[in-house]
Amino acid sequence: MSGTFIGMPSFPAAARRAVQDAQLRHNLRKATHTIRGKRGEAVGELDDWAELRAAGRAIKDRTLRHLDRYLEQLEERATAAGATVHWAADAAEANAIVTRLVRATGEREVVKVKSMATQEIGLNEALARAGVTAYETDLAELIVQLSDDFPSHILVPAIHRNRAEIREIFARRMAEWGVPAPEGLGDDPRELAEAARVHLREKFLNARVAVSGANFAVAETGSLVVLESEGNGRMCLTLPETLISVVGIEKLVPTWADLEVFMQLLPRSSTGERMNPYSSVWTGAAPGDGPQDVHLVLLDNGRTDTLADRVGRQALRCIRCSACLNICPVYERSGGHAYGSVYPGPIGAVLTPQLRGVQGPMEASLPYASSLCGACYEVCPVAIDIPEILVHLRERVASGPGHAAERAAMSAAEAVLGDHRLLNMAQRAASAARGAVPRRLPGPAAGWTDTRDLPDIPPRPFRDWWREHERERARGSGPGAAGGRADREGGER
């Protein structure tokens, strides 16, 4: 399994295959509608949701403006509390740091808390190349790992699987990774959860090294915060002797008062709950309590480049709630794998091209993986204007190589639309040739009409019709004359 999905086809090709899978569409529709409904109820309970959303946006923007200062403060406070802080410019450096730290312990197995940052950099694969096996302990991540699959959702990585598929995966693969599934395992959710508990318990009790991410990092105390719903994170964060946390530099909040805002926004937007079931906080190493060798790896991996983009930087506000995925009509039909990244859905369509660049065909296709309906912006708890970023990134893609014809067409359109005389001539020429215009465009322009017909060209331009209409109206003989007089008289009355 590759956390970076290298080699995936572009979004249109991947999505075309996905929408033909009826079972996948059923699984996605059922799951996203359920989560969406719970979120709506939880958000509707708060009269000040709009104010909380505005506060979350303001905190994130302020933090990003002064990110250098807050990162230094985080390093200082975490180090004073007994943690060791490492800086990683990219995925390769982060993987090298974590691999070195694990191998220094002499261990060849680690347990993991669900972490999108480690999936982003392909940490599991890097550890495997060094002879270290990483065991996912989140239930959905476990399902994905056992099936050699890719995660397809931020909150529920195995959202594309139903319980019958999960039962088959457990029965077939658990024994290869540890404690096997019980004989006669059914597909009742309680049976599946119990099988996962028994399988993972052995890993928790024997693990000496754990790897995590963090939902938030509090600069004023150097603390890290993990929110989860199953308790597996609590086991990973307390039982092992060594804890290594890989955290994106955008996960900072300046103070505990700032964290309070996100502790209200995140659970309601992600799981539709008033508060998170398990909220774990640790600050460095505490003698005799929990891991004694604590490391924090601060990950850039394209984030500072994103921060430099005035429009695109707002994507760094993201708190990984997945509300935009659950509301998106494109995601609901295509699923997460079509996005070719650990970050699927609308946020992935804007975050992945910025972290990786838009040179590859997959990354260049992602800004177009949207109808621009704006539903993602409406539900985002930190008010990321995803449609605005999508349009901004489309402009970046179109200005790159391979789009010379499109740029020439847009330049011609700009010249015509900017000169009323040229526009009149073009409109009349189009009306005169209307019978010869095909319903679908040929050659390189075919992409414009792959899924839509060209609109009918009227027999004469609107400007000509309006000019004649006004002449007839002025003579008092046109159909609009009486209506015009009536309008004027009605206005006078």
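Residues numbered from 1 in each chain as written. Predicted model: local features only at pLDDT ≥ 70, side-chain atom pairs only at ≥ 80, totals over all residues. Heavy atoms only, no water.

(A) How the structure looks around helix H19 (residues 386-398). Taking 1.5 Å of rise per residue, the 13 residues of H19 would be expected to cover 18 Å, and the 18 Å separating its terminal C-alpha atoms lies within 8% of that figure. Listing the buried residues of H19 in full gives Ile-386, Pro-387, Ile-389, Leu-390, Leu-393, Arg-394, Val-397 and Ala-398. Where H19 is buried, its residues contact helix H14 (323-327), helix H16 (345-356), helix H17 (361-365), helix H18 (375-379) and helix H20 (404-417). (Helix = DSSP H or I, 4+ residues; strand = E, 2+ residues; numbered from the N terminus. Expected span 1.5 Å × (residues − 1). Buried < 20%, exposed > 50% of the residue type's maximum accessible area, 1.4 Å probe, protein only. Contact = heavy atoms within 4.5 Å.)

(B) Highlighting the confidence of the model for the protein chain. Per-residue confidence for the protein chain averages 92 on the pLDDT scale, and 95% of its residues sit at or above 70. In this model, residues 482-493 is a region of pLDDT below 50 whose contacts with residues beyond four sequence positions or in other chains number 2 contacts. (pLDDT = per-residue confidence, 0-100.)

(C) Highlighting the layout of surface pockets. When its volume is computed, the second largest pocket comes out at roughly 1300 Å³. Taken together, 29 residues make up the lining of the second largest pocket; nearest its centre are Tyr-368, Gly-447, Trp-448, Asp-450 and Arg-452. Where the lining of the second largest pocket is concerned, the elements lending two or more residues are helix H1 (11-18), helix H15 (329-334), H17 and H20. Top contributing element to the lining of the second largest pocket by residue count: H20, with 5 residues. Here the residues of the lining of the second largest pocket are counted per class, giving 17 nonpolar, 7 polar and 5 charged. (1 Å grid on protein atoms, 1.4 Å probe; cavity = no way out; pocket = protein on both sides within 12 Å on 5 of 7 lines; lining within 4 Å. Points joined across faces, edges and corners; volume = space filled by probe spheres on them. Nonpolar A, V, L, I, M, F, W, Y, C, P; charged D, E, K, R; others polar.)

(D) Quick peek at unusual backbone geometry. Phi is positive for Ser-322, which is not a glycine, with a value near 75°. Mapping Ser-322 onto the fold places it in the loop between helix H13 (303-307) and H14. Assessed through its relative accessible area of 1%, Ser-322 is described here as buried. We note that Leu-372 has phi near 60°; this positive angle belongs to a residue other than glycine. Tracing the backbone shows Leu-372 in the loop between H17 and H18.

(E) Inspection of the packing of aromatic side chains at higher detail. The full count for this structure, using the stated rule, is 7 aromatic pairs. When the centroid spacing of 5.9 Å and the interplanar angle of 80° are considered together, the rings of Tyr-135 and Trp-177 count as edge-to-face. You can see Tyr-135 sitting in strand S3 (residues 133-136) and its partner Trp-177 sitting in helix H9 (residues 163-177), a full 42 residues away along the chain. A network of ring pairs unites the aromatic residues Phe-11, Tyr-331 and Tyr-339 as a single cluster. Against the face of Tyr-135 rests Lys-203, its NZ or CZ located 3.8 Å from the ring centre. (Phe/Tyr/Trp six-rings, centres within 6.5 Å; stacked < 30°, edge-to-face > 60°. Lys NZ or Arg CZ within 6 Å of the ring centre and 35° of its normal.)

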